[in-house]
Amino acid sequence: MKDSLVLLGRVPAHPDSRCWFLAWNPAGTLLASCGGDRRIRIWGTEGDSWICKSVISEGHQRTVRKVAWSPCGNYLASASFDATTCIWKKNQDDFECVTTLEGHENEVKSVAWAPSGNLLATCSRDKSVWVWEVDEEDEYECVSVLNSHTQDVKHVVWHPSQELLASASYDDTVKLYREEEDDWVCCATLEGHESTVWSLAFDPSGQRLASCSDDRTVRIWRQYLPGNEQGVACSGSDPSWKCVCTLSGFHSRTIYDIAWCQLTGALATACGDDAIRVFEEDPNSDPQQPTFSLTAHLHQAHSQDVNCVAWNPKEPGLLASCSDDGEVAFWKYQRPEGL
Amino acid sequence: MASPFSGALQLTDLNDFIGPSQECIKPVNVEKRLGSGVAKIRIEDDGSYFQVNQDGGTRRLEKAKVSLNDCLACSGCVTSAETVLITQQSHEELKKVLDANRAAAPGQQRLVVVSVSPQSRASLAARFQLNPTDTARKLTTFFKKIGVHFVFDTAFSRNFSLLESQREFVRRFRGQALPVLASACPGWICYAEKTHGSFILPHISTARSPQQVMGSLVKDFFAQKQHLTPDKVYHVTVMPCYDKKLEASRPDFFNQEHQTRDVDCVLTTGEVFKLLEEEGVSLPDLEPAPLDSLCSGASAEEPTSHRGGGSGGYLEHVFRHAARELFGIQVAEVTYKPLRNKDFQEVTLEREGQVLLHFAMAYGFRNIQNLVQRLKRGRCPYHYVEVMACPSGGSREGQHTRALPGTRAVGHRPAGWEWEEVGHGRLVTSLLPVVRRLGQGTCCDPCVPSALP
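What you see is a predicted model; the values in this text were computed from it and never measured.

So, how was this worked out
- Residues numbered from 1 in each chain as written.
- Chains lettered and ligands numbered in written order.
- Predicted model: local features only at pLDDT ≥ 70, side-chain atom pairs only at ≥ 80, totals over all residues.
- Heavy atoms only, no water.
- Helix = DSSP H or I, 4+ residues; strand = E, 2+ residues; numbered from the N terminus.
- Buried < 20%, exposed > 50% of the residue type's maximum accessible area, 1.4 Å probe, protein only.
- Areas by Shrake-Rupley, 256 points an atom, 1.4 Å probe, with all protein chains shown as cover.
- Contact = heavy atoms within 4.5 Å.
- 1 Å grid on protein atoms, 1.4 Å probe; cavity = no way out; pocket = protein on both sides within 12 Å on 5 of 7 lines; lining within 4 Å.
- Points joined across faces, edges and corners; volume = space filled by probe spheres on them.
- Nonpolar A, V, L, I, M, F, W, Y, C, P; charged D, E, K, R; others polar.
- Phe/Tyr/Trp six-rings, centres within 6.5 Å; stacked < 30°, edge-to-face > 60°.
- Lys NZ or Arg CZ within 6 Å of the ring centre and 35° of its normal.
- Pairing = 2+ DSSP bridges.
- Axes fitted to C-alpha atoms, helices over the stretch in contact; angles between N-to-C directions.
- pLDDT = per-residue confidence, 0-100.
- Salt bridge = Lys/Arg side-chain N within 4 Å of Asp/Glu carboxyl O.
- Buried area = accessible area lost by both parts, 1.4 Å probe.
- Polar contact = N/O pair within 3.5 Å; in protein donor to acceptor, adjacent residues only side chain to side chain.
- Patch = residues over 30% accessible without salt bridge, like charges linked within 9 Å, V, L, I, M, F, W, Y side chains within 5 Å.
- Core = buried A, V, L, I, M, F, W, Y, C linked by side-chain atoms within 4.5 Å.
- UniProt positions renumbered as here; feature names shortened; annotations may be inferred.

Helix and strand counts for chain B stand at 14 helices and 14 strands. By residue count, 54% of the 453 residues in chain B fall in the buried class. When the accessible surface of chain B is split by element, carbon and sulfur atoms take 51% of a total near 20700 Å².

See the structure below:
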C-alpha cells in the first residue's frame, strides 16, 4: 500500500481559512475550490504546477460551501452559507454572475447539476431540498421544494444518467427523489447509518450509491428494480435500495466526503483524522454482497480535517483533496500490485 | 407528528427549536426601577422569585413573558409556538366556554356564535355523504344542541370580501399600483411579512378575508343587534386550515376598547369532526334545523356558493368585475391556462390581439417562490395574482376530514358549487358601508401593513 498514493503538489488555496470543497470541470482541465474566505478559485496546470487562473471574490457574503460545474462546463454554481446559490458563466478566465438563486431560509449546504444540464438541486440547513429548472434564456425557476428530511440536509447529488436525485442529512438518512407528474416526490429513504450522512457518490453505472457518515462507516447501497431476480421486494414501480456492504473499522473519525471514480471505480474518502483512503472492489466479489479492500491509506494527507476528495474525470488516478488547513493537494493514485 | 400548518409557515421557522445563532428579537418591556447595585434573589417554595434588597425589603419579580403573537412574528424561539396556539384555539377550548356558560348566571353568559366556511361545510358534506344544505342545517342542530346560540355561514361575509377586492383592484388598476396580490391566505401573508417585507407588502390587497369580515360583522354589527358588547360574544369560526388560527390572533383584529378578538377561536374541519365524535353524534342522523341569518333580508335558505378556485374564487370575481368596469366586456367563461404546474395558471383578457388583463393563480410554496422572485426583479407580468400557501388553494383534503373509502373525495373544485351573482342586490351594497365603518382606520391606506386581513 506504500506509494499507492503519491503527492504531486500542494497549493495554499484559501489562506487563513478552510477550503471546503473542490470540483473538476467536465474536461478535467480546471479545478474549482471554495472556502471560508468567501472566495472561489479556479486552478489549472502550467507545466508541472498548479496555478490560480481566476478568483471570484464578489458574490457571497459568507462561506462558500460547495461548487459544481454544469455538464457543458460553461457554468459554475456556488452554494453559500449566506443562503444563496450563485450561477457563474465562464468567459475564458472571467466569471460573470448570471443569476442568484434565493429562497432557502438559511445556509445552503450543497448544489448539484443534473446530467441533462436543465436541472439544478440545492439543499440547506432549513431541511429542504429544492429542484430548479433552467430555460434557454438562463432563467431559473423553482420546480419543487421537498421537505422530506427532518434535519439539516448536507449534500445532494444526481444520478449519472437518470433524473434521480439523492440527498444526505443530519437525520441519519439518505433520500431519493424523482419526478412525478408536475412535482417531485421522495421515492426512497435509505436507513442504516447511525449518525449524520455527510456525502454521497454514485458508481459509474448508477446502480450503486456510496454514502459516508459521522458514524465512521461507508455504506454501499444497490438498486433493485421491480421484478428483480434476487427477490428484493419493491413497492409499486419504484426501485428498492438495499445496503449491500458496510466498510467499518477503517476510519477513526467522521468521514466528510466520498468520491467514486467514474473511470476506474476506485472509492476515495476524506476523513476527520486528516487522512485520505482509497478502496477498490475485489475482482471476484458477489455483486449482491460486494467486498472492498483498502488500497491506499495516507496519514496526515493534510494537517487538519480533510473536507473533500475529487477524482479527475479524464485522467485516471488523479485525485485532488482539500482541508480545514486551507490547502488543496494533488495526488497520483496507482492500484498496488498484487491486489 | 407532522406539522399541520402550511408549507410556507413551516419553512418560516414557526416551530423550529432555536439554533444557537438566533436570538429572541422581541424586546421584553421591563419596568426599570432605580436601585443601588446588587440585590439578591430568593426563590419561594411555590416557585416565585423575590428580589431581596440590601435594606431587607422584598419585591416580587415578574416573569419575563413573550406573548404568543410576539413569537409568531419572530423567527423561532424557545417556546414551541405552534403547539401553544393549537391548545389555545381548539375544540377543547370551545367545550370549556360552553361548560362555563352552562354554569354561569344568566347575566354572565356569553353569546356563542359559530361561523362555518363553505369549504368546511363541503368537506363535511362529502365525508357524511350529505348535500351542502342538509349539512348546514344539521350542523346548526348539532351546535345548538351543545350550547351554541347562532350558526352562520361565512359565504355571506365572503361577498363583502370579494366586493371589496373587486373595487380595490379597479382603483389600483386605474392608479397603476400593480400588481395586486390577494391576501385571504394567512400562511402567505405570514411568509410575505417575515421574508420579503418591504417590496411585497405594498402590493398586497387590503381587503379583509371572509373570516375577519365575519369577525367584524358578528362582534360589532350582530352584537349590537343583540344589545351586547363585543366581549360578551364568543365567536368561533370553522375553517379548512390551521393557518386561519394565526390570522385570528393577529393584533390587527384585536378590539382594544373591549379587549376582545374579532374571532375568538378557529376550529378546523377536522376538529369539528372530532367534536362530533366526542359528543357521540352522527351528523346524518340529526334533524335539520332552520338556518340562522345575520340580518333579515339576507336569503338564509340557501348558503351562497361561489365558483372558482378552492379559496373562494377571488381571481374569477375580480377578473369579471374588472373586465366589465374597465373595458365594458362581459366575460362568459373564464379559461385557465396551466403554466409550469397545475397550481400555477393564468387567465388573460384580450381584445384585437391586445392583452387587457393578465391574471394568475399561484398556489403552493414553490410557485410563491417564483412569483416573489419575479416581482423582485421587476418581471411580474400580472395585474392580479391569487396567492395561496397550500397547493390546490385550500380546498384539498389536507386539513379536512377524509371522505370514506369508495366515496368521491372533495376534489380541486368541490362538487355542488354553483355560480351565483354576487350580491343580494341592494342588501349587500347597503351593508357595505357598515363593514367599511367597522373596518375604519384599518382599510384605508394600501401601503400600511396593518391593513392586512
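There is more to say after this.
Bringing helix α5 (residues 118-128) of chain B into the picture now. An α-helix turns once every 3.6 residues. As a result, residues three or four positions apart point the same way. Residue and element names in this part refer to chain B. With respect to burial, α5 is a largely interior element, eleven of its eleven residues being buried. Among all positions in α5, only P118, Q119, S120, R121, A122, S123, L124, A125, A126, R127 and F128 are buried. Each element contacted by the buried residues of α5 is listed here: β4 (111-116), α6 (132-145), β5 (150-153), α7 (155-174), β7 (233-239) and α11 (269-278). Q129 lies just past α5 and shows a positive phi near 60°.

The next subject is the layout of surface pockets. A water-sized probe, rolled over the atoms, reveals where empty space remains. Residues and elements named next belong to chain A. Volume-wise, the second largest pocket comes out at about 1100 Å³. Forming the walls of the second largest pocket are 42 residues, and the residues nearest its centre are W24, W69, V157, W158 and Q262. A breakdown of the residues in the lining of the second largest pocket according to their chemical character gives 31 nonpolar, eight polar and three charged.

What follows deals with the packing of aromatic side chains. Here the structure, examined in full by the defined rule, presents 28 aromatic pairs over all chains. Relative to W132 of chain A, the ring of W130 of chain A has its centre 5.4 Å away and its plane inclined at 25°; by these criteria the two rings are stacked. For W132 of chain A, a relative accessible area of 4% puts it in the buried group. Through a chain of ring-to-ring contacts, the aromatic side chains of F169, F173, F319, F327, F359 and Y384 of chain B assemble into a single cluster. Sitting over the face of the ring of F21 of chain A, K66 of chain A holds its NZ or CZ atom 5.4 Å from the ring centroid. A cation over an aromatic ring shows up here: R127 of chain B above the ring of F128 of chain B, its NZ or CZ 5.8 Å from the ring centre.

The subject of this paragraph is the sheet that holds strand β12 (residues 129-134) of chain A. On the basis of which strands lie adjacent, the open sheet formed by four strands has the order β10-β11-β12-β13 (chain A) and antiparallel pairing. At either margin of the open sheet sits one strand with a lone partner, and together these are β10 (108-113) and β13 (140-146) of chain A. Between one strand axis and the next, the sheet turns through 20° on average, direction left out of account. For β10 of chain A and strand β11 (residues 119-124) of chain A, the ladder comprises five bridges, and the chain directions are antiparallel. Looking across to β11 of chain A, one finds that A112 of chain A is bridged to A121 of chain A. Strands in contact with helix α13 (residues 365-376) of chain B are β12 and β13 of chain A; relative to β13 of chain A, the strand with the most contacts, it is inclined by about 150°.

Glancing now at the confidence of the model for chain B. All names here are of chain B. Looking at chain B as a whole, the pLDDT averages 75, with 68% of positions reaching at least 70. Model confidence for chain B, summarised as mean pLDDT per element, is weakest for helix α14 (residues 426-438) at 42 and strongest for β4 at 96. Throughout residues 395-453 the model reports pLDDT below 50, and contacts reaching past four residues in sequence, or to other chains, amount to 127 contacts. Scored as a whole, the predicted complex attains pTM 0.78, and scored at its interfaces, ipTM 0.86.

Here we come to the pattern of salt bridges. Throughout the structure, instances matching the rule amount to 37 salt bridges over all chains. Between E141 of chain A and R340 of chain B there is a salt bridge; the shortest N-O distance is 2.8 Å. One end of the pair, E141 of chain A, is in strand β13; the other, R340 of chain B, is in the loop between β11 (337-338) and β12 (344-351), on a second chain. Exposure remark for E141 of chain A: the relative accessible area of 13% places this residue in the buried category. A salt bridge links E279 of chain B to K95 of chain B; the shortest N-O distance between them is 3.9 Å. Residue E279 of chain B is found in the loop between α11 and α12 (314-327), and its partner K95 of chain B is found in helix α4 (residues 91-103); the two are separated by 184 residues along the sequence. Relative accessible area serves as the criterion here: at 22%, K95 of chain B is assigned to the partly exposed category. Connected through salt bridges with shared partners, the residues E133 and E141 of chain A together with R340 and R374 of chain B form a single ionic network.

As a further point, take the pairing of β4 of chain B. Residue and element names in this part refer to chain B. Within β4, six of the six residues are buried, which leaves it mostly tucked inside the rest of the structure. Here β4 shows a buried face lined by L111, V113 and S115 and a second buried face lined by V112, V114 and V116. As judged from the six bridges shared by β4 and β7, these two strands associate in the parallel manner. Residue S115 lies in a different strand from β7, and its bridge partner there is T237. In this sheet, β5 lies alongside β4 in parallel orientation, the contact comprising four bridges. Bridge pairing in β5 places V113 opposite F150.

Taken together, the contacts link 20 residues of chain A with 18 residues of chain B. If you sort the residues of chain A by the area they bury against chain B, E105, E141 and D182 of chain A come out on top, with a joint share of 36%. At the junction of chain A with chain B, the criterion picks out eight salt bridges. Across the pair E139 of chain A and R379 of chain B runs a salt bridge whose closest N-O atoms are separated by 3.1 Å. Linking chain A with chain B are twelve residue pairs in polar contact (both at pLDDT 80 or more). Sort the elements by how many residues they give to the side of chain A that touches chain B and β13 of chain A lands first, with five residues. Split into classes, the residues belonging to the side of chain A that touches chain B amount to four nonpolar, six polar and ten charged.

All names here are of chain B. Taken together, the side chains of I41, I43 and Y49 present a nonpolar region at the surface, about 320 Å² in accessible area. By the element assignment, I41 lies in strand β1 (residues 40-43). Taking relative accessible area as the criterion, I41 reaches 55% and is therefore assigned exposed.

This brings us to the nonpolar core. F169, W188, L357 and F359 of chain B are the most contacted members of the largest nonpolar core, which totals 65 residues. Look past the residues within four positions of L357 of chain B in its chain and what remains in contact with it is F169, F173, F319, A322, A323, L326, F327, V347, T348, L349 and H383 of chain B. Formed by 31 residues, the second largest nonpolar core is a distinct cluster that contains I42, C308, C322 and V328 of chain A.

All names here are of chain A. As for its placement among the helices and strands, C245 is situated in strand β21 (residues 240-247). C245 sits in the buried class, given a relative accessible area of 9%. Along the chain, C245 and Q289 lie 44 residues apart, while their C-alpha atoms are 6.3 Å from each other. If near-sequence neighbours (up to four positions away) are discounted, C245 is found in contact with V218, R219, I220, P290 and F292.

This part takes up the UniProt feature "repeat: WD" (unreviewed entry) in chain A. When the UniProt feature table is mapped onto this chain, "repeat: WD" (unreviewed entry) is found at residues 22-43, 57-89, 101-142, 146-177, 190-221 and 299-339 of chain A. A distance of 9 Å separates the end C-alpha atoms of residues 146-177 of chain A, which is 0% helix and 50% strand.

Before going further, it helps to examine the sheet that holds strand β17 (residues 183-190) of chain A. Residue and element names in this part refer to chain A. Strand order in the open sheet formed by four strands is β14-β15-β16-β17, with antiparallel pairing between adjacent strands. On the outer flanks of this sheet lie β14 (153-158) and β17, each paired with one strand and no other. For this sheet, the mean angle separating the axes of adjacent strands, direction not counted, is 25°.

Another point: the environment of K332 of chain A. All names here are of chain A. Here K332 is to be found in strand β28 (residues 328-333). Of the residues examined, K332 reaches a relative accessible area of 27% and is grouped as partly exposed. For K332 and D286, which are 46 residues apart along the polypeptide, the C-alpha to C-alpha distance reads 29 Å. The residues contacting K332, other than those within four sequence positions of it, are S4, L5, V6, L8, E315, P316 and G317.

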